[in-house]
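# Reading the structure
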Amino acid sequence: MISDALEGMKLFKLFAAKWNWKMEKADITIIGAGVVGLAIAAELARPDWSVFILEKNPAHGGGISSRNSEVLHAGIYYPEGSLKARLCVAGNPMLYEIAARNSIPCKKTGKLIVATNSGKIEAIEKLCENGRGNGAESLSLISKRQMTQMEPHVQAVAALYSPETGIIDTHALMNYFLKQAQSNKASLVCRIKVLRIEKETNGWQIFSENDRGEAFDFLSGVVINAAGLSSDIIANMVCGHYHLHYCKGDYCGISGVKPGLVGRLIYPAPAKDSAGLGVHLTIDLNGRLRLGPDATYIDRVEDYTVVSEKAALFYEQARIFLPFLKPENVYPDMAGIRPKLQGPNDAFHDFVIREDAPGFINLVGIESPGLTASPAIARFVQKMI
Ligand SMILES: Cc1cc2nc3c(=O)[nH]c(=O)nc-3n(C[C@H](O)[C@H](O)[C@H](O)COP(=O)(O)OP(=O)(O)OC[C@H]3O[C@@H](n4cnc5c(N)ncnc54)[C@H](O)[C@@H]3O)c2cc1C
């Protein structure tokens, strides 16, 4: 993929020299080569358009998209009618189909949201109702007996079963989106950081530079801001009113547990007013078990360290529904950072996907379920253009 990036850079220079960018312009520029920017590029690219994806990192997919649970959500939690709900419910089956057709590793594991005591049953009943209202397929409330048959090593009094939840190889998915875009002549240009954007009469002047400090300034008819954790900064270059809060999610790995002990993703019924879904159990495509992420608002620094104390904390929370766990099974692993529009005490905030100025589309606050929703987000943006 580095070679793709170099190829993109060569192309960019060739175009820049040939066209004299001050006079000519790109048709569409997408800022950010995460799963969202790449899905949009795959959806929009056509051989007769010049579509550029600018990425500040040495390769695509190194941002939020490389640090998440890789879960294909079913759309259970989000308020009815919200973009998060609609685009998650639409994106889930689209991704299963894309994965099946293109040999992208993916598994419909199913998920159980467990009530660990009778006081939590009302919460899962409400979730079930909410999920059904969103159009989440095939949700069912199951008894302790049914749950024990499905997952004999999980402890709960009842559960909400979501058969459409699963896991996907995000990097393979991003590679697929990129290949799709490139096959329609879109170009990925890495190591290019967008610094400033100004309105011109016939588009947007983008001021960017590479990691050697060389300037690449050019005009673009349409700009799509899919810059993840920096999407507010990019948006504010043009319309100035977004503020993202960074909310860190730590993960802990699980070792020393018999493989295959749990086959489905296990989530606790969410606590009221929690910024995340509660410490839960996910499984990766190699069958490895992982706990997390939790949710902690942090300063605006990309710090991915996981302190060792997290292992004991996660163990305490997870052992309630995973009684087979021992403290020594849990170890600090990785972390990701959510780009949240809502602060610690704010109510729910939806994705922002909006043309804030003619030909300038902002995608801000694309936290979970951004991966699941990515192909539906791309269609949504395509309809705006
Ligand atoms: C802990 C955690 C768990 C999650 N779990 C799930 C899950 O299980 N399922 C799910 O559906 N979603 C999940 N999500 C959400 C999902 O990961 C994100 O919604 C999605 O990855 C966002 O993709 P993106 O393309 O918007 O951002 P990114 O992947 O961050 O891409 C943005 C890109 O823009 C680039 N960029 C930024 N500024 C500039 C600039 N000035 N110039 C050029 N390039 C720039 C960055 O380098 C980056 O590569 C989770 C998120 C977190 C944090």
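Up top is the structure.
The structure reproduced in this document is the subject of the present report.

### A short note on the packing of aromatic side chains
- Under the counting rule described, the total for this entry stands at 3 aromatic pairs.
- On the basis of an interplanar angle of 50° and a centroid distance of 5.7 Å, the ring pair of Tyr176 and Phe177 is categorised as tilted. Accessibility assignment for this pair places Tyr176 and Phe177 in one class, buried.
- An angle of 70° between the planes, with centres 5.1 Å apart, marks the rings of Trp204 and Phe360 as edge-to-face. Of this pair, Trp204 sits in strand S11 (residues 203-210) while Phe360 sits in strand S20 (residues 360-364); the two residues are 156 residues apart in sequence, bridging distant segments of the chain.
- Judged by relative accessible area, Trp204 falls into the buried class, the value being 3%.
- Positioned above the aromatic ring of Tyr267 is the side chain of Lys111, whose terminal nitrogen or guanidinium carbon lies 3.6 Å from the ring centre.
- The residue whose ring lies beneath Arg290 is Tyr251, and the NZ or CZ to ring-centre distance is 4.3 Å.

### Considerations on the packing of helix H2 (residues 35-44) against helix H9 (residues 370-384)
- Relative orientation of the contacting elements H2 and H9 amounts to 40°, with a least axis distance of 8 Å. With respect to each other, H2 and H9 are oriented oblique. Regarding H2 and H9, the two cross each other, and that crossing is right-handed. Between H2 and H9, the residues in contact are Val35, Val36, Ala39, Ile40, Glu43 and Leu44 and Gly370, Leu371, Ser374, Pro375, Ile377, Ala378, Arg379, Val381 and Gln382, respectively.
- Broken down by class, the residue content of the contact of H2 with H9 amounts to 10 nonpolar, 3 polar and 2 charged.

### Focus: the pattern of salt bridges
- By the definition in use, this model includes 17 salt bridges.
- A salt bridge links Glu316 to Arg319; the nearest nitrogen and oxygen atoms lie 3.0 Å apart.
- Among the residues examined, Arg319 registers a relative accessible area of 39% and is labelled partly exposed.

Calculation notes
- All residue numbers here refer to positions counted from 1 along the written sequence of the relevant chain.
- This being a predicted model, a pLDDT of at least 70 is required before a residue's local features are given, and a value of 80 or more before pairs of side-chain atoms are given or counted; all residues contribute to the totals for chains, interfaces and linings.
- Side-chain metrics rest on all non-hydrogen atoms present in the structure, leaving aside hydrogens and water.
- Stacked, tilted and edge-to-face are the three classes assigned to paired rings of Phe, Tyr and Trp, where Trp is represented by its six-membered ring and a pair needs centres within 6.5 Å; plane angles under 30 degrees give stacked, over 60 edge-to-face, the rest tilted.
- Only protein chains enter the accessibility calculation, which uses a 1.4 Å probe; a residue is then buried when its area is under 20% of its type maximum, exposed when over 50%, and partly exposed in between.
- The helix count covers DSSP runs of H or I at least four residues long, the strand count covers runs of E at least two residues long, and both are numbered beginning at the N terminus.
- By the criterion adopted, a ring carries a charge over it if an Arg CZ or a Lys NZ lies within 6 Å of its centre and within 35 degrees of its normal.
- What counts as an axis is a line fitted to C-alpha atoms, over the stretch in contact for a helix, and the angles between N-to-C directions run from 0 to 180 degrees.
- Any angle that falls under 35 degrees is termed roughly parallel, while one over 145 is termed roughly antiparallel, one within 65 to 115 roughly perpendicular, and all others oblique.
- Crossing chirality is assigned from the near helix's rotation relative to the far helix, an anticlockwise turn below a right angle marking it left-handed and a clockwise turn marking it right-handed.
- By definition in these notes, contact holds between two residues if any of their heavy atoms fall within 4.5 Å.
- Amino acids are sorted into nonpolar (Ala, Val, Leu, Ile, Met, Phe, Trp, Tyr, Cys and Pro), charged (Asp, Glu, Lys and Arg) and polar (every other residue, Gly among them).
- When a carboxyl oxygen of Asp or Glu is within 4 Å of a side-chain nitrogen of Lys or Arg, the pair counts as a salt bridge.

It is worth stressing that arrangement in space is one thing and function is another; only the former is reported here.
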